[in-house]
Amino acid sequence: MAEHVIEIKHLKKSFGENPVLKDIDFSISKGETVSVIGSSGSGKSTMLRCINLLETPTGGEILFHGKNIQTELEVSKYRAKVVMVFQSFNLFNNLNVLQNCVIGQTTVLGRGKEEARKKAMEYLEKVGMTPYINAKPRQLSGGQKQRVAIARALAMDPEVILFDEPTSALDPEMVGEVLSVMKRLSESGMTMIVVTHEMAFARDVSDRVIFMNDGYICEQGAPEEVFGAPKREETKNFLSRFLNQ
Amino acid sequence: MSLFEDISKVWSKYGDTILSGIANTVIISIIGTLIGLLIGLINGIIRTVPKPKNPVAKVVLTVVNWVINVYVEVFRGTPMMVQAMIIYWGYAYMNAGSTLPLIPAGIVIVSINTGAYITEIVRGGIISIDRGQFEGSASIGMSHFQTMIHIIIPQVMRNILPSVSNEFVVNIKDTSVLNVIGVTELYFYAASAAKNSYKIFASYLIACAIYFCLTFTITRILRLAERLIEGKENYTVFGSQSDFPAEIHVSKEESANG
C-alpha cells in the first residue's frame with residue numbers, strides 16, 4: 001500500500017454543545033481520489049474544513065505525512081500543500097482571474113512575479129480559462145469561477161486538493177465543465193478528497209467512497225461495493241432516497 | 001449701503017488674507033484625513049487579528065485591543081475643540097511652557113480625531129466583507145496580514161470611500177475650531193476681517209462661499225476616485241470570443257501534479 005498522505009485519527013469536532021464529528025478515522029494515499037457522500041448535516045464539510053484547519057478540531061489528530069498538522073507543522077505551509085476548493089468559489093473579488101492565481105504563489109510560496117504568472121497561465125489553460133485572464137470574478141459565470149478556483153488551487157502545486165461540494169452552487173448546465181476538469185485531475189494522479197452530491201462522479205471517478213452519517217463514517221469502500229452492494233441499512237436508505245429523486 | 005457693496009469692500013480689502021487661509025485649511029484637512037485613514041486601517045487590521053494560541057500573544061493582543069477601544073471612545077466622545085485645547089496646552093504644560101508649532105499641532109489634532117472615526121468605519125467595512133474572502137485566502141496558506149493587505153483592505157477601501165469622503169468634508173469645515181489655539185486658517189482670517197471691517201455678515205458670507213467651493217470640489221474629485229477604483233465594466237477576451245469547453249485545453253501528457 002502506498003504511503004498515507006493524510007491520516008485522520010479519532011477526529012472530533014463540536015460547535016458548543018453540538019457534536020458534529022464524533023469519531024472519524026480514515027486515511028488517504030498518494031494519488032487516490034476519495035468521494036465523501038452523505039446527507040446534509042452529517043459532517044462532511046466540517047471534516048473537510050478540519051483537514052484544511054479552517055475549523056479547529058476539538059479532539060483527535062490529523063497527520064500529514066505522519067506529522068500532526070496542529071502541533072508539528074506551520075499552518076500556512078501546510079495549507080499551501082493541502083488546498084481547498086469551495087462551494088461558493090471564494091475568488092478574490094478585487095483581483096482579476098490571473099491575479100487570483102498569482103497572489104497565493106507570490107505571498108505564500110515566495111515565487112517571483114514572472115514565474116508565478118507563467119505557472120498561473122499554465123493552469124488556467126488546463127481549465128480552459130485563458131481567454132478570461134483580465135476578467136473580474138463578478139463578470140464570470142459560476143462554472144467559470146469554479147474552474148478559476150481550481151486553477152488557483154493547482155497553482156500552489158499542492159499535494160492534496162479538498163473539494164467542498166464544488167458543483168452544488170452551479171446551474172445544471174455548468175456542472176459538467178467543472179466535473180470534467182476534476183476528472184482529468186483525478187486521472188493525472190492528484191490526491192483528492194471530494195465532498196459531493198454528484199453520485200455519478202463518486203461512482204465513476206473516485207477510487208473509494210466514504211458514506212458519512214451523523215458524525216461517523218458509516219461505510220466505505222470501492223464505489224462498486226458502496227453503490228452496488230451497500231452493507232449498512234443507513235447507506236441503503238440514503239442511496240435509495242437519493243437515486244429515487 | 002447694499003450687501004453687495006459690503007461684500008466687495010471686504011473682499012477688496014481682506015480678500016487676499018482670507019484666501020491665504022485656504023492653504024492652511026486644505027493642508028491640515030488633507031494630511032489630517034490621510035493620517036486618520038492610516039490610523040483607522042492599522043487599527044482595523046489589528047482589531048480583526050484572529051485569537052492567537054500563544055498565551056503571551058493573547059494577552060498582548062487583548063491589551064492592544066483595549067487601548068484602541070479606549071482611544072476610539074474618548075476621541076469620538078469629546079468635541080474636537082476641547083481636544084485641541086487639551087493637546088496643545090497639555091503639551092505646553094508638560095514641556096515647561098514651550099508650545100507645539102501651530103500647523104503641525106493642527107494636523108496632529110485632526111489626525112487623531114479622524115483616526116477614531118475611521119477606525120469604526122474600517123471595522124464596519126471589514127465586517128461587511130464576505131467570510132469566503134478570508135477563507136479563500138486562508139485555504140491556500142495566506143497569513144492574516146497578507147490577506148488584509150492584498151485582499152481585504154482593497155475591497156474595504158472601495159466600500160468605505162464614501163464615508164471617508166464624508167470625514168474629509170467634515171474636516172475641511174471643522175478645522176475652523178482650531179482657531180481656538182490660534183491656527184490661522186480660513187475661519188481665523190474671516191473672523192479677523194469681520195472684526196476689523198465691522199461688516200460681519202458680509203465677511204462670513206465670503207467664508208461660507210469659499211468653504212462650499214472647497215467641499216464641493218473635493219466631493220467631486222473623490223466621486224471620480226470611486227469610479228476609478230471600481231474599474232472597467234468590460235474585460236478583454238484573449239484569443240477568442242467563444243468559451244471553450246474545458247476538455248479541449250487539458251492534455252493527458254501534462255500531469256497536473258507535475
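Please read these numbers as outputs of a predicted model, since none were measured by experiment. Position numbers for residues start from 1 in each chain and track the written sequence from start to end. Each chain gets a letter, beginning with A, and each ligand a number, beginning with 1, in the order they are written. In keeping with the model being predicted, local features are shown solely for residues with a pLDDT of at least 70 and side-chain atom pairs are shown and tallied solely at 80 or more, while totals for entire chains, interfaces and linings include all residues. To obtain the side-chain values, all non-hydrogen atoms of the structure were used and water was disregarded.

Enquirer: What exactly am I supposed to notice about a nonpolar patch on the surface here?
Expert: Residue and element names in this part refer to chain B. Residues enter a patch when their relative accessible area is above 30% and they make no salt bridge; the linking distance is 9 Å between like charges and 5 Å between nonpolar side chains (Val, Leu, Ile, Met, Phe, Trp, Tyr). Calculation of accessible area relied on Shrake-Rupley with a 1.4 Å probe; when residues are assessed, cover is drawn exclusively from the protein chains displayed. The term salt bridge refers to a side-chain nitrogen of Lys or Arg lying within 4 Å of a carboxyl oxygen of Asp or Glu. Nonpolar side chains collect at one region of the surface, where Val59, Val63, Trp66, Val67, Val70 and Val74 lie side by side and expose about 550 Å² of accessible area between them. When you line up the elements, Val63 lands in helix α2 (residues 55–76). Three labels apply to residues, based on accessible area from a 1.4 Å probe with only protein chains included: buried if under 20% of the type maximum, exposed if over 50%, partly exposed otherwise in between. Accessibility expressed as a relative area gives 46% for Val63, which makes it partly exposed. We count a stretch as a helix when DSSP gives it H or I for four or more residues in a row; a strand needs E for two or more, and each element gets its number in order from the N terminus.

Enquirer: When you look at helix α3 (residues 80–94) of chain B in this model, what are you seeing that I'm missing?
Expert: Because each turn of an α-helix spans 3.6 residues, side chains separated by three or four positions in sequence point in the same direction. Residues and elements named next belong to chain B. Helix span is expected to be 1.5 Å times the residue number reduced by one. Compared with an ideal rise of 1.5 Å per residue, which puts 15 residues at 21 Å, α3 spans 20 Å between its outermost C-alpha atoms and is within 8% of the ideal. Within the sequence span of α3, burial applies to Met80, Gln83, Ala84, Tyr88 and Ala92. Buried residues of α3, seen end-on, are gathered within an arc of 155° and therefore sit on one face of the element. Residues Ile86, Tyr93 and Met94 are exposed on α3 and point more than 90 degrees away from its buried face. The directions considered for the arc run from the helix axis to the C-beta atoms.

Enquirer: How should unusual backbone geometry be read in this particular structure?
Expert: Both trends apply: most residues other than glycine have a negative phi, and most peptide bonds are in trans. We note that A:Asn90 has phi near 55°; this positive angle belongs to a residue other than glycine. When you line up the elements, A:Asn90 lands in the loop between β6 (82–85) and α3 (97–107). Phi at B:Ala96 is positive, roughly 50°, even though this residue is not glycine. Note that B:Ala96 resides in the loop between α3 and α4 (102–127).

Enquirer: I'm lost on the pairing of strand β8 (residues 191–195) of chain A in this one. Help?
Expert: Regular strands show a simple pattern: their side chains alternate between the two faces of the sheet. Residues and elements named next belong to chain A. Of all five residues making up β8, five are buried, and the element is well covered by its neighbours. Covered by surrounding structure in β8 are Thr191, Ile193 and Val195 together with Met192 and Val194, the residues of both alternating faces. Bridge count between strand β3 (residues 33–37) and β8: four bridges; the pairing is parallel. From the neighbouring strand, Thr33 faces β8, where its bridge partner is Met192. Pairing geometry for strand β7 (residues 160–164) and β8, over five bridges, is parallel. Note that in β8 the partner of Ile161 across the bridge is Met192. After leaving β7, the chain enters helix α6 (residues 172–187) and then returns to the sheet as β8, a path that is right-handed. Two strands are said to pair when DSSP picks up at least two bridges between them. Note on handedness: a crossover is taken as right-handed if, strands pointing away from the viewer, the path from the first strand over the helix to the second is clockwise.

Enquirer: Whenever I open this one, the packing of α3(A) against helix α5 (residues 142–154) of chain A confuses me. Can you help?
Expert: Each pair of packed helices can be described by the angle between their axes along with the distance between the axes. Residue and element names in this part refer to chain A. In this description, a line fitted to the C-alpha atoms serves as the axis of each element, helices being fitted only across the stretch in contact, and the angle between N-to-C directions of two axes falls anywhere from 0 to 180 degrees. Where α3 contacts α5, the two axes come as close as 8 Å, and the packing angle between them is 25°. In terms of orientation, α3 and α5 fall into the roughly parallel class. By crossing handedness, the relation of α3 to α5 is classed as right-handed. In this structure, α3 uses Val97, Asn100 and Cys101 to contact α5, whose residues at the interface are Val148, Ala151 and Arg152. When describing relative orientation, an angle under 35 degrees is termed roughly parallel and one over 145 degrees roughly antiparallel, while 65 to 115 degrees is termed roughly perpendicular and anything else oblique. Should the near helix be turned anticlockwise from the far one by less than a right angle, the crossing is termed left-handed; should it be turned clockwise, right-handed. The contact criterion used throughout is that any non-hydrogen atoms of two residues lie within 4.5 Å.

Enquirer: Even after reading the chapter, I still don't get the side chain of A:Glu219, so can you show me in this structure?
Expert: Residue and element names in this part refer to chain A. When you line up the elements, Glu219 lands in strand β10 (residues 216–221). His is not counted, nor are the chain ends, whereas Lys and Arg count as positive and Asp and Glu as negative. For the buried Glu219, which has no salt bridge, the nearest side chain bearing the opposite charge is Lys231, at an N-O separation of 4.5 Å. Looking at Glu219, its side chain comes within polar contact range of the main-chain nitrogen of Lys231, at 2.9 Å. The term polar contact refers here to a pair of N or O atoms within 3.5 Å; inside protein, the definition further demands a hydrogen-donor-capable atom paired with an acceptor-capable atom, and it admits residues adjacent in sequence only when both atoms are side-chain atoms. Within the structure, the side chain of Glu219 is placed 2.7 Å from the side chain of Thr235, a separation counted as a polar contact.

Enquirer: Sorry if this is basic, but what is going on with the nonpolar core here?
Expert: A general trend in soluble globular proteins is that nonpolar side chains are found buried together. Buried residues of nine kinds, namely Ala, Val, Leu, Ile, Met, Phe, Trp, Tyr and Cys, make up a nonpolar core once their side-chain atoms join them within 4.5 Å. Within the largest apolar cluster, 61 residues are counted, with the highest numbers of intra-cluster contacts made by A:Leu124, A:Ile150, A:Ile161, A:Phe163, A:Met182 and A:Leu185. If you look at the next biggest cluster of nonpolar residues, it comprises 31 residues, including A:Leu21, A:Leu54, A:Phe64 and A:Phe86.

Enquirer: Looking at this structure, I do not really get the confidence of the model for chain B. What am I missing?
Expert: Should the pLDDT be low somewhere, the predicted coordinates at that spot are not to be read in detail. Confidence scores labelled pLDDT are given residue by residue by the predictor and lie between 0 and 100. Mean pLDDT over chain B works out to 87, with 90% of the residues at or above the 70 mark. Between residues 240–258 of chain B, whose pLDDT stays under 50, and residues either more than four places distant or in other chains, the model counts 37 contacts.

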